[in-house]
Structures are given as structure tokens and as C-alpha cells.
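Observations on chain architecture
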Amino acid sequence: MNRLLLSFLFLTFSYFASAQVVGTITDAKGEPLPFVNILVENTYKGTTSNDDGYYELNVSEPKTYTIVYTYLGYKTVKKKVAIDKFPYTINVSLEEESVSLGEVVIDSEENPANAIIRQAITKRKENLEKIQSFKADFYSRGLIRIKDAPEKILGQEVGDLGGGLDSTRSGIIYLSETISKIQFLRPDKLKEKITASKVSGNDNGFSFNSALDVDFNFYNNTVEFGNEIISPIANNAFGYYRYKLEGVFYDERGNLINKINVIPKRENDPVFSGTIYIVEDQWTIYALELNITGVQARIPVVDIITLKQSFSYSEAIDIWAVISQSIDFKYKFLGIKGDGRYTAVYSNYEFNTGLSRQDFGRELVAFENEANKKDSLFWNTIRPVPLTVEERKDYIKKDSIQIVRESKPYLDSIDRANNKFKIRNILGYTYQNSHKDFRLGYDIAGASHFNTVQGYTAKANVFFNKNYDEFKRYFRANANLEYGFSDKRLRATGSLSYKFNNTNRRFLTLSGGVSTQQFNPSNPITPLINSVSSLFFEDNHIKLYDRSFLQLDYSEELFNGFRLFGGISYERRKALFNTTDQVFFNQDDDMYISNNPLDETAYGIAPFETHNIIKTNVSAQINFGQEYLSYPDSKFNIGNDDYPTLVLSYEKGFGATNGDYNFDQIKARLYQSFNIADKGRFRYNIRAGKFFNADDIAFMDYQHFNGNQTHVSTDGNYTNVFNNLPYYAASTNDSYIEAHAEHDFNGFILGKVPLLNKLNFNLVVGAHLLATPDFKPYQEYTIGIDNIGWGKWRFLRVDYIRSYQSGFQSDAILFGLKFF
């Protein structure tokens, strides 16, 4: 307790000792004002007040300054001060701004707000292009709170979340800050060098706060905010918004500022609501306060997000630039609720400095050495937005807790309690050593599945996991047991896997054993769906064979965007047959088909002869345009929607005990997913390949195409499946091509239909093509409704499918379930 008190006093003293100009900003009633912008006049050097109204402005040279205090809805205050020593205290009281319509000429022919917005839209592109490039200092702070946290979630203990919860199980669960240098080049190049990073309760942590995540430019037609959201001054904004002029006022430079209420025409469209402030004659954004719901942003766990941006003007270069931004949010999901804020401050801008594309690579974020080792004195000197009392207490508390909770005696005491065997551990038990960071145990799978080859199955898993370097490297050992009650066969598999690092993510895995395997290695039928289909409808679609194997797999990223996969296996394959005809509802006109995928009536006839074979494969995955974040000893790849991913593969089977089963195959895959402005998201997936020396190969080595005969899907999208094609109808050992395309309008069409737009459904259309030399070109066309459900629970998609092959073939209804 004494150490906590001393730490708090030291931190508080160091705040005032290191600060330059400090003070508190209140309203006329003495209430603190958060998020007030404080700037040195005619510069972009400034800060922002915290939730307690307290601020610190770091200026180093004693001289005369004019300091400007601006806050939306309040009159701007200028203080000219001659500073001869530091720290220097300036407390400020702001008066509410009177917003008036008295000077606005009302034209009965047109809403005055519409005329202002039209001018802003006309000047949108010109204002966007004023800033071709810039350099700036960037500060960010992320905070997430939880309220009334449950003791358990889905049966798992929640704990105290790293010491963040108080006696009411509420508190800060995440607090982090960064200081960085950023560079920007139009239209979309942004890179960041983080010079300091701090995470509460983790003195070795690196913040995931980034300037990339808060780069919201409302001069673009859309703003990427979970979904592509229409800007209130987009070219097509009048199709989405109504506007109302609330009034006008003058800023400190005499500019007339129009305060305009932004009102969505349809509540579930990807739009904002709130207020935007437009500078008269210049038609630039002065500030904005906009809200967006989780429904509008397509972020189900979020209730509402509030975004505020404040701009500052430089007469010398005639540019209004963002100087501060805050994002407040509230969330609620699965009984968990809370709120948070992300604060960003931009300062020391340098505009249009001649940056070129050669100054930008694929690395978006990098850290300076020792960026996470800065002490409190450093942070108190450089932090532009002071910590609140709540945040200071959180840092002190969690930093103290970390010391205790990382100690071996504490970890051992926790392990002793958790490692005690209890009756409920009969079905699963884990022993852990937190100090050495390993876990071992077993788990008896709760769900039993059914198929006509094995009958009901029971599974068990034994595991050992060891982490190194905070999970950057790890070792995994697993053994899996499966028993079939009808074929009375116990099968076992095991694997040993090692991850070498967290940069190129090199993996090596050795696995082996005996298992049942679907002929299509993509496993198009889940065990649960097959169990229901078999027992309730007497449709045993899954087809299995017995695979005994020893396999070695390797993968690593050789260079950015190029990942290599390789593997070799020795396999023994043996045919399996039905051993049970059990059903829940026996239909007289129906019966189980055979386990032979070549002939559903071939009961007891093997589709291939038992054989051994060696298989090897090499694949290269090329993520064109891949960007990445560089963390110390880690690399995190970021997909780039502007470019596709290409996969090139070669597979060979050799040394087979039946020489006819040897083969070669080359194949390629090209896929991509991207937004089309506010029109939704488009996806495509194309595969093509060719077999050589493969006239009589075993059926499991054919190229199979994912079909679906159950009218139920658990896939998120359908760019990898033909939902009205039998599972093995088009399998080939020759050349082939398949192509899938799907577009989710994401509310763009249905959101404009009266009444339907209240339901928040999404229209989805798709087209699918398959062709081989022995299978006439096959097409499927789909139209569906996604996002069906209520509230946050949107778990259903329904599609109508029509398939064609030399004319119309059949149609079907497909139900897509998203919670499996």
C-alpha cells in the first residue's frame, strides 16, 4: 500500500515537474470540458484537454505566446502570455457560443443547408487535393472499459482481466499509448514510425494503436469504418442524407461557420448522423461530431460510435488540417458491455514536402529500438493529452500488479489452485506451469457424430503445449483417438509441430497415424451435418476411406508476400464399407447408399484397390501488394484489397504399389475480395489445373469440387462451393476450371426499399462455373438474402439456386447458418 501511494505521488509530481504550460478548462458553471483544442496561434503545435478538463502544452522556449482555446459550441478564447519560467499555469473558462439564424437569408425555394452542402460537395475534390503529402507527429491513446463483467463466459472463468476489475467487476481492461512520426502521400500511402509505446500492465508490451486505423478523411466519397460509410459531403450524399441548418457563428479569425445537422434518410444505410461544421466561402470542414450505429457500420457488437474531428487553419499555406480526433464507442454482446475511447492528436505538420512513392514501401508500421522501454518521465514530458485520474491509477495499479503476477511464487500459487483435479475434470483436464509456460492435458470430445461406416464415434485428445518468447515460438504435441462403435475400430493420429519465429512464421510439422478421410480432402461435409442428414433423412452423403500415413509439412514466408508450402507423405489407403443402417426415421421408399463415391449402389465393392503411395506437394502463395506491420521480432501481414492472391501448386504421387496410381498435377488458384465504394463487397475465386500420367489413378487423388446435397451450409460465403451439385459428380483426373463470383450488396439495394429497409437484410447474388473434358460446362446462379435475424443475432442466409448444364437442370433453396 505504501509503495502504491509513493508511486502515485511520484507520478503526480512528475506530471507537474515536466509540464510546460498547464491548466484546467471549465465552462461557466465550473464543469471540466474534455477534448478542448489548445494551440499556439498560427502553428499546428498543440494539445487536447483530457476528461478532467486538464491540459499540458509542451513549449520549451520562454517567450511571448498567443495560445488559442477552441471547443465546439463554445466561444474561442485567445491568451497572450509572456512566459519567463516553466511550468506556467493558465486556467481558462469558456462561454457557450450563441448559434444564430439571424444573419441567414432564408430562401423559401431551397433549404439553406442544402445550398451549403452543395457548395461543399463542389469544392470537395479541390479541398481533398490541397494536401498532396505531409509529415506530422502523431499521438494516440486507446482505452476500453468493461461494466459488470460476468464471472464466466460460455463456461470459462473470466477472472479479473489482468487486475482491471474492481469489486463491481467493472474497470479499465485496456489502456495503451503511442508516439510516432507519420508520412502521407495521396491518395492512400501512409506509414508510421512508432518512437514510444506503452501498455498498462505490460512493461514489455507494444501497442496496437495505429494511425492507419483512424485515417478518416471525409473529403473522400466514402469513409472505411467497418463498412464503407457515405461521407456527408460525398458526390451522392443527397441520396442518403437530409440537412438542416442549426445556425451560424464566427470563429476567432472572423470566418462564418455553418452548423449543419446531418440526418440519415434511412436508418440502416451505411451513413452517419450528427453535426458537420462548414466554413462559409471556403466550403471546407471546420469540425464534425458524427454518430454511427453498429448496424450501420456492420459491427454487430457495437451499439454506437461517436467520431469527433477538429481542424486548424494556416493562413500561410491556406490549409485546414485535422489536429485532434476522438472515437467514443459503447458495446454489448453475450452479456458483456462497456465503453471506450480512442484519442488521436496530430501536430507539427509539414505539408507538400515533395514525398514520392519511392519514399513508401510495403511496411506500414515500424517501431524504434527500445520504443517500449520509455520511463514515466519521458511520457510526462512528451504526452500531449494528460492522463485522467482514472488512467493514472490504472497505470500505477497494473504496473504494480504485473511485478507480483509475473513472480514465480505467485504463478506457482495460482497453478496449485488451478491444477487440483475435480470431479468435473473427468471429461477434460489441463495441468499448467505458468512460470515455464507449458500446458498438458486431455480432453474427451463432448459431441458424438454418426456415419454409416463407423456408426457413432467417440473422440479423445491428449496434448502438450510449450510457448517460448511470449508465444513468438512454440511447440505443440497432440494425440487424437477415435473409436467407431459400429465398425469396432480404434484409430489414432498424432502430430508434433514447431513454430520457429514470428517474422517469417516458419513451421515444421510431423504427423502420422490412422484415420478415416473423406475422398475430397477439402472435407465438404461437416460431421454434424452428415449426422443429422443420415439419422433423420437417411441421406449418408459422407464418403470415407481408411488412411494410414506418415507426413512431414513445412512452410515459411521467403520474402514479403511470397509464402512457400511443402510436404511429403507415405500413405496406405484402404476401402471402407457401411457397417450400420441405423436411422431415427426409417422411410420405406429410401435407404442408405453405398460408401462407394463412384456408384451409390455398389455395396461391398471397393472404389479402388488397397495400395501404398508416396505423395509430395509444393505450393507458392503470392499475395500481391501485401503490406505489413513490423513489431520487434514479429511481422503482421495485412491483406491488400487492391490486389489478388495467386497460388501455384505442383503435386506428385509416386512409388505406388499399383503403378497406375502414380500421377502428376499442376494447378493454380486466383482469388480476391474488395469493396466497390458503397455498393457492397465483391469476391471471386478461380481454380484451374491439369493432370499428367493419371489415366487410372485412385479416386481420392482426383480433383474434387465442393458440392452440397443437404440444402444447408455453414460457410460464410459461397465462392468455394457448388451448392446444387452432387459431391463427386464432376470429379476429374484430367484438366479442369472452376470459377465463382459473389457480390454482397450490403444493404445498398434492400436498404432503399420501403419497409424492407427496416429489416436490415442484405441482397447477395452469385454465379458459378465448372468445366472438364468429360463434364459439360455446368453453371449455377444464385440470389439470396443475408443478415437475417433479430437485433445483434444475424445468423441466417437464404438463397435460391438455379443450375444449368446444356439447359436448365434443377433449382434448390439453401439455408446458410452462421453460428456453427
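Computed from a prediction, not measured in an experiment: that's the story for all the values here. (Residues numbered from 1 in each chain as written. Predicted model: local features only at pLDDT ≥ 70, side-chain atom pairs only at ≥ 80, totals over all residues. Heavy atoms only, no water.)

1. Some thoughts on the overall build of the chain
To be explicit about the condition: For helices the rule is a DSSP run of H or I covering at least 4 residues; for strands it is a run of E covering at least 2, with both sets numbered from the N terminus onward. Each radius of gyration reported is based on C-alpha atoms, and the globular scaling rule is 2.2 Å times the count of residues to the power 0.38. Using a 1.4 Å probe on the protein chains alone, a residue whose accessible area is under 20% of its type maximum counts as buried, one over 50% counts as exposed, and one in between counts as partly exposed.
Helix and strand content of the chain: 8 helices and 44 strands. Against the 2.2 N^0.38 benchmark of 28 Å for 820 residues, the chain shows a C-alpha radius of gyration of 32 Å, consistent with a compact globule. Along the first, second and third principal axes, the C-alpha atoms of the chain reach 95 × 75 × 50 Å. Taken over 820 residues, the chain has a buried fraction of 49%.

2. Considering the sheet that holds strand E2 (residues 37-40)
Spelled out, the test is: If DSSP finds at least two bridges between two strands, the strands pair. Axis lines are fitted through C-alpha atoms, for helices just across the contact stretch, and the angle between N-to-C directions can take any value from 0 to 180 degrees.
An order of E3-E2-E5-E6 is seen for the 4 strands of this open sheet, with the pairing classed as antiparallel. On the outer flanks of this sheet lie strand E3 (46-48) and strand E6 (74-82), each paired with one strand and no other. Pairwise comparison of adjacent strand axes, ignoring direction, gives a mean angle of 15 degrees for this sheet. Direction of pairing for E2 relative to E3: antiparallel, over a ladder of 3 bridges. Residue pairing across strands places Ile38 opposite Thr47, the latter belonging to E3.

3. Focus on the environment of Gly162
Keep this limit in mind: What makes two residues a contact is simply this: any of their non-hydrogen atoms within 4.5 Å.
Counting through the fold element by element, Gly162 comes out in the loop between strand E11 (156-157) and strand E12 (171-185). With 12 residues separating them in the primary sequence, Gly162 and Tyr174 have C-alpha atoms 9.4 Å apart. In contact with Gly162, other than residues within four places in its own chain, are Lys398, Ile401 and Arg405.

4. Some points on the pairing of strand E32 (residues 562-575)
With 14 bridges connecting them, strand E31 (residues 544-559) and E32 associate as antiparallel partners. Looking at the pairing, Glu556 lines up with Leu564 of E32. Counting the residues between successive antiparallel strands, the hairpin from E31 to E32 contains 2 residues, one of them, Gly561, with a positive phi of roughly 85 degrees.

5. Some remarks on the packing of aromatic side chains
Note the following rule: For this analysis, a ring pair means two rings from Phe, Tyr or Trp (six-membered ring only for Trp) whose centres lie within 6.5 Å, classed as stacked if their planes differ by under 30 degrees, edge-to-face if by over 60, and tilted for the remaining angles.
The final tally for this structure, using the stated rule, is 54 aromatic pairs. Summarising the aromatic geometry, the rings of Phe705 and Tyr736 are spaced 5.7 Å apart at their centres and angled 70 degrees between planes, so their arrangement reads as edge-to-face. Here the residue Phe705 occupies a position in the loop between strand E38 (681-692) and strand E39 (712-713), and Tyr736 occupies one in strand E40 (residues 736-744), the gap between them amounting to 31 residues. The same class applies to Phe705 and to Tyr736, which are both buried.

6. Some points on the nonpolar core
A general trend in soluble globular proteins is that nonpolar side chains are found buried together. Put simply, the test is: Buried residues of nine kinds, namely Ala, Val, Leu, Ile, Met, Phe, Trp, Tyr and Cys, make up a nonpolar core once their side-chain atoms join them within 4.5 Å.
Residues Phe218, Tyr241, Ile260, Ile285, Tyr286 and Tyr349 are the most contacted members of the largest nonpolar core, which totals 72 residues. When residues in this core are grouped by element, the largest group, 8 residues, is from strand E21 (residues 319-333). Those residues within four positions of Tyr349 in sequence are excluded, and the remaining contacts are Tyr44, Phe134, Lys135, Ala136, Ala321 and Val322.

7. As for helix H6 (residues 389-405)
Along an α-helix, residues three or four apart share an orientation, since each turn contains 3.6 residues. Defined as follows: One fewer than the residue count of a helix, multiplied by 1.5 Å, yields its expected span.
The end-to-end C-alpha separation of H6 is 24 Å, in line with the 24 Å expected for 17 residues at 1.5 Å each. Within H6, the full set of buried residues consists of Glu391, Arg392, Asp394, Tyr395, Ile396, Lys398, Ser400 and Gln402.

8. Side note on a nonpolar patch on the surface
The cut-off we apply is this: To count toward a patch, a residue needs a relative accessible area above 30% and no salt bridge. Like charges then connect within 9 Å, nonpolar side chains (Val, Leu, Ile, Met, Phe, Trp, Tyr) within 5 Å. Each accessible area value is a Shrake-Rupley result obtained with a 1.4 Å probe; residue values ignore everything except the protein chains displayed when judging cover. By definition, a salt bridge exists where a carboxyl oxygen of Asp or Glu is found within 4 Å of a side-chain nitrogen of Lys or Arg.
A contiguous nonpolar surface patch, about 680 Å² in accessible area, is contributed by Leu496, Phe500, Leu508, Leu510, Leu550, Leu552, Ile568 and Tyr570. When residues of the nonpolar patch are traced back to their parent elements, those giving at least two are strand E30 (507-518), E31 and E32. With respect to the secondary-structure elements, Leu552 resides in strand E31.

9. A few points about the environment of Pro232
Relative to the helices and strands, Pro232 resides in the loop between strand E15 (227-230) and strand E16 (241-250). By relative accessible area, Pro232 is classed as buried at 0%.

10. Here we look at unusual backbone geometry
Backbone torsion omega between Phe86 and Pro87 reads -5 degrees, so that peptide bond is classified as cis. Mapping Pro87 onto the fold places it in the loop between E6 and strand E7 (88-89). Cis rather than trans, the peptide bond between Arg186 and Pro187 has omega equal to 5 degrees. For Asn523, which is not a glycine, the phi torsion comes out positive at approximately 55 degrees.

11. Concerning the confidence of the model for the chain
For the record, the criterion: Each residue carries a pLDDT score, the predictor's confidence in it, ranging from 0 to 100.
Scored by pLDDT, the chain has a mean of 90; 95% of the residues are at 70 or more. In the predicted structure, residues 1-19 sits below a pLDDT of 50 and forms 25 contacts with residues beyond four places in sequence or in another chain.

12. Quick notes on the side chain of Ser803
Stated precisely, the cut-off is as follows: The term polar contact refers here to a pair of N or O atoms within 3.5 Å; inside protein, the definition further demands a hydrogen-donor-capable atom paired with an acceptor-capable atom, and it admits residues adjacent in sequence only when both atoms are side-chain atoms.
Its place among the elements puts Ser803 in strand E43 (residues 793-804). Looking at Ser803, its side chain comes within polar contact range of the side chain of Asn724, at 3.0 Å. When residues no more than four places from it in sequence are discounted, the contact partners of Ser803 are Asn724, Tyr778, Gln779, Glu780, Phe808, Gln809 and Ser810.

13. A look at the pattern of salt bridges
Taken as a whole and judged by the stated rule, the model has 38 salt bridges. With its nearest N and O atoms 2.6 Å apart, the salt bridge here joins Arg266 to Asp269. Accessibility classification places Arg266 together with Asp269 in one group, the buried group. Between Lys690 and Asp734 there is a salt bridge; the shortest N-O distance is 3.0 Å. Note that Lys690 is positioned in strand E38 and Asp734 in the loop between E39 and E40, a separation of 44 residues in sequence. Asp734 gets classed as partly exposed once you look at its relative accessible area, which sits at 23%.

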